[in-house]
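Letter by letter, the chains look like this.
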Amino acid sequence: FTPGPWAASKLGMTNQGGRPVSSEEKRVAVVDLQSDVKRSDAWCADCEEREANARLIAAAPDLYAALEYAARLLTTYAKTGDDFINAALAKARGEA
């Protein structure tokens with residue numbers, strides 16, 4: 001995947017009403033901020049949740065690195081791996 005850090009843009013939106021999530025070099029995602037309802041009063045009824053989704057996506061490289069670190073610690077000090085952590089890492093790599 002695109003190396004981090006990633007950031008959810010705090011300045012404006014795309015022409016399609018989305019919040020860009022970008023690395024220093026390129027855009028990696030756009031979170032849709034437009035409501036499925038086509039009424040002006042419901043333009044973004046769940047904007048807070050959608051903004052949170054953009055921040056979560058932006059944190060993905062850091063979260064992946066933290067899980068890798070936790071997996072190494074468990075293997076080194078607890079002499080065991082954690083299936084939950086390894087499954088999440090595999091899913092992020094497209095292996096699950």
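Residues numbered from 1 in each chain as written. Predicted model: local features only at pLDDT ≥ 70, side-chain atom pairs only at ≥ 80, totals over all residues. Heavy atoms only, no water.

## Topic: the overall build of the protein
On a plain count of helices and strands, the protein comes out with three helices and three strands. Element order for the protein, N to C, with α for helix and β for strand: β-β-β-α-α-α. For the protein, the proportion of its 96 residues judged to be buried stands at 25%. Look at the contacts in the protein between residues 6 or more apart in sequence, and 24% of them connect residues 24 or more apart. When the accessible surface of the protein is summed, it comes to about 7,000 Å², and 54% of that surface belongs to carbon and sulfur atoms. (Helix = DSSP H or I, 4+ residues; strand = E, 2+ residues; numbered from the N terminus. Buried < 20%, exposed > 50% of the residue type's maximum accessible area, 1.4 Å probe, protein only. Contact = heavy atoms within 4.5 Å. Areas by Shrake-Rupley, 256 points an atom, 1.4 Å probe, with all protein chains shown as cover.)

## Digging into the environment of alanine 71
For alanine 71, the location among the structural elements is in helix H2 (residues 60-77). Sequence spacing of alanine 71 and asparagine 86 is 15 residues, and the spatial spacing of their C-alpha atoms is 7.2 Å. Residues in contact with alanine 71, not counting those within four places in the same chain, are Ile85, Asn86 and Leu89.

## Remarks on the pairing of strand E2 (residues 18-22)
Within E2, four of the five residues are buried, which leaves the element mostly enclosed by the surrounding structure. Where strand E1 (residues 7-8) lies against E2, two bridges are found, and the strand directions are antiparallel. Looking at the pairing, alanine 7 lines up with serine 22 of E2. With antiparallel pairing between neighbouring strands as the criterion, E2 and strand E3 (residues 27-32) make up a hairpin whose turn holds four residues. (Pairing = 2+ DSSP bridges.)

## Points about the packing of H2 against helix H3 (residues 83-92)
Angle between the axes and distance between the axes: these two values describe a pair of packed helices. H3 packs onto H2 with a crossing angle of 140° between their chain directions and a minimal axis gap of 10 Å. For the pair H2 and H3, the crossing hand works out as left-handed. In this structure, H2 contributes Tyr64, Leu67, Glu68, Ala70, Ala71 and Leu74 to the contact, and H3 contributes Ile85, Asn86, Ala88, Leu89 and Ala92. For the contact of H2 with H3, a count of residues per class yields nine nonpolar, one polar and one charged. (Axes fitted to C-alpha atoms, helices over the stretch in contact; angles between N-to-C directions. Left-handed = near helix turned anticlockwise from the far one by under 90°. Nonpolar A, V, L, I, M, F, W, Y, C, P; charged D, E, K, R; others polar.)

Geometric values such as these leave the question of function open.
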